[in-house]
Amino acid sequence: MAEITASMVKELREKTDAPMMECKKALAEAAGDMDKAEEILRVKLGNKASKAAARVTAEGIVGVYISGDAKLGAIVEVNCETDFVAKNDDFLALTKNLAELVATKNPADVEALSALEINGLSVEETRKALVGKIGENMTIRRFSRIDAKGAVASYIHGGSKIGVLIDLVGGDEALAKDIAMHIAASKPKSLDASGVPAELLDVERRIAIEKAREAGKPEAMLEKIAEGTVQKFLKDVTLLDQVFVKAEDGKQTIAQLLKAKGASVASFTLYIVGEGIEKKVTDFAAEVAAQAAAAAQK
């Protein structure tokens with residue numbers, strides 16, 4: 001049996017908000033597999049066990065660029081260590097320049113972007129100079145580019161912590177803004193079911209089966225129950241099936257809204273600053289105690 005350490009329990013607790021003893025039991029049942037243990041907790045405790053895992057912890061901003069004819073757009077996430085630096089004018093200018101470079105130069109990846117130039121210096125040289133000036137590390141995390149089939153629109157929310165880029169075919173600017181705002185609020189994972197990763201559906205299916213089994217449902221019913229759960233999940237996480245946040249009747253889906261307006265969404269990108277990044281939390285009291293203990297041993 002794998003050894004379950006206190007640090008493993010602490011990590012799972014921080015990810016799930018589940019009680020410590022429940023985390024320990026889940027880790028033991030999962031033989032130390034963190035992802036499996038989180039899945040076990042979701043079966044036992046419901047979706048509450050995954051809420052902490054979605055917390056945004058890293059600092060930084062999302063920047064966007066749209067060409068004058070709205071046919072070209074880009075979105076980029078740049079991270080830093082503190083929110084103070086995320087508001088720095090030089091940091092904001094760097095992010096703006098990066099978004100424009102992504103749109104106009106179409107780099108293949110972050111490494112290629114870092115090799116491009118800003119005012120005679122490479123992006124990497126510019127980044128390092130800014131790190132030296134500010135005294136805080138910063139990184140280019142990711143970017144996406146849209147060569148529009150229709151017209152590109154964007155929406156930035158929460159002090160540039162959430163950014164959306166959308167390619168709308170048909171419709172108008174007001175519709176594009178409404179859907180971009182909806183995406184920022186509802187956070188769909190894909191346009192439709194075809195874009196949802198199979199492994200994500202497998203997890204939902206397994207959790208549904210185990211929850212139904214624990215509830216005493218007949219074995220013959222488990223697959224049907226799981227399929228119903230998966231279909232509900234898909235409606236919750238796919239843009240076209242989501243209920244429009246501004247729907248007056250509380251029922252109109254994005255697909256229905258688009259049909260009524262004679263429009264369609266070709267693609268979209270949603271960035272949430274720090275999504276999926278673990279931010280180190282310093283326990284100053286523990287650090288001081290450790291330093292005192294080390295000094296006493298000398």
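Up top is the structure these notes are about.
In this report, we go over the structure that sits alongside the text.

Cut-off values and rules
Residues numbered from 1 in each chain as written. Predicted model: local features only at pLDDT ≥ 70, side-chain atom pairs only at ≥ 80, totals over all residues. Heavy atoms only, no water. Pairing = 2+ DSSP bridges. Helix = DSSP H or I, 4+ residues; strand = E, 2+ residues; numbered from the N terminus. Axes fitted to C-alpha atoms, helices over the stretch in contact; angles between N-to-C directions. Contact = heavy atoms within 4.5 Å. Buried < 20%, exposed > 50% of the residue type's maximum accessible area, 1.4 Å probe, protein only.

With respect to the sheet that holds strand β5 (residues 138-147)
Two strands in a sheet stick together by hydrogen bonds in their backbones, pointing the same way (parallel) or opposite ways (antiparallel).
In step 1: With respect to topology, 3 strands assemble into an open sheet ordered β1-β2-β5, the strand pairing being antiparallel. The sheet is open, and its two borders are formed by β1 (59-66) and β5, each paired with just one other strand. Put simply, the sheet's adjacent strands are angled 15° from each other on average, direction ignored.
In step 2: Sheet analysis places β1 next to strand β2 (residues 72-80), joined by 8 bridges and oriented antiparallel. Of the residues in β2, the one forming a bridge with Ile66 is Gly73.
In step 3: Helix-sheet contacts for helix α5 (residues 89-105) involve β1, β2 and β5, and the interaxial angle to β2 is about 140°.

Observations regarding the environment of Met181
In step 1: Positionally, Met181 belongs in helix α8 (residues 173-186).
In step 2: For Met181, a relative accessible area of 30% translates into the label partly exposed.
In step 3: Along the chain, Met181 and His157 lie 24 residues apart, while their C-alpha atoms are 8.4 Å from each other.

Here's the deal with the sheet that holds strand β7 (residues 162-169)
In step 1: An order of β6-β7-β8 is seen for the 3 strands of this open sheet, with the pairing classed as antiparallel. Of all strands in the sheet, those bounded by a partner on one side alone are β6 (151-157) and β8 (264-272). Taking each pair of neighbouring strands and ignoring which way they run, the sheet shows an average axis angle of 15°.
In step 2: Pairing analysis gives 7 bridges linking β6 to β7, with the strands arranged antiparallel. Counterpart to Ser154 in the pairing with β7 is Leu165.
In step 3: Running over the sheet, α8 touches β6, β7 and β8 and is turned about 140° from β7.

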